Structure formats: C-alpha cells, structure tokens
Amino acid sequence: MEAEGTMPPQSLSAKFEGSFAYLTVRDRLPTILTKVVDTLHRNKDNFFKEYGEEGTEAEKRAISFLSKLRNELQTDKPVLALTDNAEDTQAWNEYMGRQQDLMENGQLVSWFKSPWLYVECYMYRRIQEALYMNPPMHNFDAFKEGKTQSYFESQQAIKSLCTYLQQLITNMENMTEIQLQENFLKLIQVSLWGNKCDLSISAGQDNSQKSSPIDSLPDLQRFILVDDSSMVWSTLVASQGFRSSGMKHARVDIILDNAGFELVTDLVLADFLISSGLAKQIRFHGKSIPWFVSDVTKQDFECTIKQTMAANHKWMSASGVQWKHFMKDGTWSYHDHPFWTLPHEFCDMPVDAADLYNTLQTSDLILFKGDLNYRKLTGDRKWEHTVRFDQALRGFQPAPLCSLRTLKADVQVGLQAGQAEKISSQDPDWMTNGKYAAIQFSSPHREQ
Ligand code: F6P
Ligand code: MG
C-alpha cells in the first residue's frame, strides 16, 4: 500500500536543500488507531468504576471520535484543525495553516499529500484530541500497558545491565582513564541499541530486549555505520587528563525516546556519567503527551524508577534507589516542553521554541535518542547519504550534540562514499529494518 505522491507542500524550512520523505507506510497508522480503540474498549469497566456513567459516556464518545479519525486517514481526507484548547493547540493550528498556504492551486492538505513526519505527528496529536475533548479521559494514556509490558518483558536484560553498572561503580575509584573510556563507550552503545526496542515500528507488538546487552555488543559492532563516540568522550573530558583538573563537570541533556528497556539503558548511562564524575548534572527531556506509542512521559519516567527500586533483585533495586536519590537531590531532573510533540524540524526551534533553545544552549552535551529525533534533526529529507551531519542540521547547533539512533526511516547522512551502495546491495531494507545504527556528533566548536 504505497502512497502516490502528488507534490507535497514545501516545509516551513523550504529554504534548505533536500526533498521530502512521503508517507509510504500507510498501513501502520490505522493499525495503531485500531489498537487505541481496543484499549479504550477493554478499559471500559475501569472507566465506569472510576468515574461512573460519566466515564462510560466519555469512553464511547472518544471511540467514535477515533473511528472517524481512522476513516479520515484511510480515505485521504483533508487534515482538520485541532478543536481542543490545550497548551499547544494554537501552535499546531498555525503550523497547519502555514503548510496549507504552501499548497498550490488551492489544493487541501490531506493525509497522503503531506510530508510523512507531519502526518505521523498529527495522528498522535489527534488521538490526544479525542481524549482532551472527552473528560474525564483527558489523562488516559492508551499506550501505557504496552510500555509497562515492554519493561517487564526485558527484566533479564535489565537485571544484567544493573548488575554490570553496580560492579562498575564499586570499581570506579581504581579505574584508569582508559578503562573508564572503554566502559563509557560500552554504555553509550547499550543506549544506542536500546533504541531497537520501540513499539511504534512494530505497531505495538512485543519488541523487548531478551539477551544480555553487554554481551551482545561485539556482534553488533559491524552494524554501526557511523561511530563518533570518541568525540563525545572528548567533549566530556578535557585534553589534559580527566582525573586531574581536566574534569569538566558537564551538564548533559538527554532527549529521551522510548520507555521500557531503552529508558533503562539511558538511565544506566546517566548514572555512569554522574558516578564517574564525567557529568555533574543530567537533564532528561520527555514528552508531555503519549507519543509514537512508546515514547517516555513523566509518568513513565517516574514509574520506571519506582519499579526498578521495587525489583526483587539486589542490583536492580540498588540502581533504582540511586536514581530516586539523584532525582531528589536535583542531580537528575525531568523536563517536558510542548515543542517535542509538535511536527517542527529542530532547525525551527530557535524561532518556534526560543525558551527551549536557550536552555539547550547552556548544556555541555545533548544526546538525542532515537529515530524520530533524527528525522527532526535532519528535517526528514531524502539527503544524499554522503551529506555531512552538520549540513543536514541546517544551523541547529545549540551545543555539542550527538544522535544515537537505530535506522527505521528513509534518511541517513554522514556516510562514506560508496558505503550506502555497499550495504544496499547486501540488505535492501537497511534504512528501515532497525538492524543498523549510527552515533553522529556535531559541535559548534568543531572545525568544519
Ligand atoms: O518506523 C515507524 C516509526 O514510527 C517512524 O516513523 C519513527 O521514526 C519510528 O517509528 C519511531 O522510532 P523511535 O522510537 O526510534 O523514534
Ligand atoms: Mg519512539
């Protein structure tokens, strides 16, 4: 089921090079909508228990809203402005208006005649509209069950990762800088491969981590197409030596992606950064509404720490207790901002979310997790694969930044000449099958 592309509207950043990715995977979105409807339906007794008749009525109205939405999507109807009155409604409607203005001959923007990035984000925002418009359902997270399940199905891997972390922490004092670097590089790779476990690519099916994450690393190494992790290390340590006055005490910002196993890998990396002294502060950035099936919300973040603390496993619970402590004393903090759930490319951030951009500018290192963040970093264009990562960012450079992403969408820059052709001949689906990964770094201070 491929979408026939009529000309898509030019994006707000049309001044930049590259053409757009079209909506090619149409069938995944209705499947996700169907699952949301099923989830609401399955929870109908709970809504009744919690809110009485009012809950049952809200559930029915939300389901009818979502069924209508699925029909609009499947029959390529024009996209409709949002009618709720949330914090981001105006920003969404302005963006949609600007997209419409870019259409030629008065053609209306519809589901299949729009850039995929825009439409995919729009679908998740419309799901939220169905809930906002039907209180008391406005706080319901239809993806919550799947996220929790993914966490519990990855228990073995989480146990082994937490055990590894706690052993590292015990030996940290005696570690040489080289050993510290080796462990940093391992944990950044674990966080990278954690991104395999998102539920959006599998339309909500189990995608949890079963094997030991550290043991799997050597076999996965050859699937990393670009590895700038040594530059990330250099950003964290000053050249004259980390144990001496060279320590930078960095503030690291992690733009989170998925809950479940991926979030645990991010927390483990963040713990290592703090416990080793490589960073003094970590700011986590999550989503303010349920997003792309498995993305982290504040509730997921807090639940994950609580569940890890409560685990019946010595090293898991020790890790959870430590994380809770980091949150309490402000070493770690969680933040959300409506910009992360708008359809904008990140190069729009200085204008469309100046407050967020200013905050990121004061970071020493920003880690962007996952595929969707990569699409927004690069504007989701069909770039030549050899285009430099810096160039694809089109001016978005608040601070040194690094993308950690497994490939699930048709965009990949920063490859060597001939590299894409070679992988393509061995594995034609390399850009979307989640088997390959990239660690890509860019710094405003770096020589171009
Ligand atoms: O492949 C489906 C998809 O929804 C992509 O559109 C999106 O980029 C990806 O899944 C989400 O992946 P991640 O959780 O890594 O951002
Ligand atoms: Mg995600």
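Just so we're clear, the structure is a prediction, and the values are computed from it rather than from any experiment. (Residues numbered from 1 in each chain as written. Chains lettered and ligands numbered in written order. Predicted model: local features only at pLDDT ≥ 70, side-chain atom pairs only at ≥ 80, totals over all residues. Heavy atoms only, no water.)

Q: Describe the coordination of the magnesium ion (ligand 2), listing the residues and the values that go with them.
A: All of the protein donors around the magnesium ion (ligand 2) are D257 (OD), N258 (OD1) and D295 (OD); their distances to the metal are 2.1 to 2.3 Å. On the accessibility criterion, D257 (6% relative accessible area) is buried. The exposure class assigned to N258 is buried, which follows from its relative accessible area of 1%. (Donors = N, O, S within 2.8 Å, 3.2 Å for Na, K, Ca; no water. Buried < 20%, exposed > 50% of the residue type's maximum accessible area, 1.4 Å probe, protein only.)

Q: Tell me about the pairing of strand β3 (residues 279-286), and please be specific about residues and values.
A: A large share of β3 lies buried, amounting to six of its eight residues. Inspection of the sheet shows strand β2 (residues 250-255) paired to β3 by six bridges, in the parallel sense. Within the sheet, the bridge partner assigned to I254 lies in β3 and is F284. Regarding the hand of the β-α-β motif, the stretch spanning β2, helix α11 (residues 261-275) and β3 is right-handed. (Helix = DSSP H or I, 4+ residues; strand = E, 2+ residues; numbered from the N terminus. Pairing = 2+ DSSP bridges. Right-handed = clockwise from strand over helix to strand, strands pointing away.)

Q: Now, about the side chain of T235: what can you tell me, with residues and values included?
A: Relative to the helices and strands, T235 is located in helix α10 (residues 229-236). Within polar-contact distance, the side chain of T235 engages the backbone oxygen of M231 at 2.8 Å. (Polar contact = N/O pair within 3.5 Å; in protein donor to acceptor, adjacent residues only side chain to side chain.)

Q: Outline the nonpolar core, supporting the account with residue identities and numerical values.
A: By size, the foremost hydrophobic cluster in this structure holds 72 residues, and its most contacted members are F184, V252, I282, F284 and W323. In terms of residue count, α11 provides more of this core than any other element does, 10 residues in total. Every residue in contact with I282, bar those within four places of it in the chain, is listed here: V252, I254, A270, L273, I274, T331, W332 and S333. Within the second largest apolar cluster, 67 residues are counted, among which are F65, F143, L356 and F396. (Core = buried A, V, L, I, M, F, W, Y, C linked by side-chain atoms within 4.5 Å. Contact = heavy atoms within 4.5 Å.)

Q: Before we move on, can you summarise the sheet that holds strand β7 (residues 437-442) with the specific residues and values?
A: An order of β1-β7-β6-β5-β2-β3-β4 is seen for the seven strands of this open sheet, with the pairing classed as mixed. In the strand order of this sheet, the two ends are held by β1 (224-227) and β4 (332-336), each with one partner. Shown here is a sheet whose adjacent strand axes are inclined to one another by a mean of 15°, direction ignored. Sheet contacts for α11: β2, β3, β4 and β5 (365-369); angle to β3, the most-contacted strand, approximately 160°. (Axes fitted to C-alpha atoms, helices over the stretch in contact; angles between N-to-C directions.)

Q: So what's going on with the environment of V268? Which residues, and what values?
A: Structurally, V268 can be placed in helix α11. Overall, the relative accessible area of 1% leaves V268 in the buried class. The contact partners of V268, leaving out residues within four places of it in the chain, are L161, L165, L187 and W323.

Q: Got a sec to walk through the pattern of salt bridges? Specific residues and values, please.
A: Overall, the coordinates contain 24 salt bridges when judged by the stated rule. Taking the shortest distance from any N to any O, the salt bridge between K287 and D295 comes out at 3.2 Å. Of the two residues, K287 and D295, both sit in the buried class. Residues K298 and E302 are paired through a salt bridge, measuring 3.4 Å at the closest nitrogen-oxygen approach. You can see K298 and its partner E302 sitting in helix α12 (residues 298-309), four residues apart, about one turn around the helix. On the basis of relative accessible area, E302 is assigned to the partly exposed category, the value being 40%. Each member of the salt-bridge network shares a partner with another, and the members are K68, E72, R126 and E129. (Salt bridge = Lys/Arg side-chain N within 4 Å of Asp/Glu carboxyl O.)

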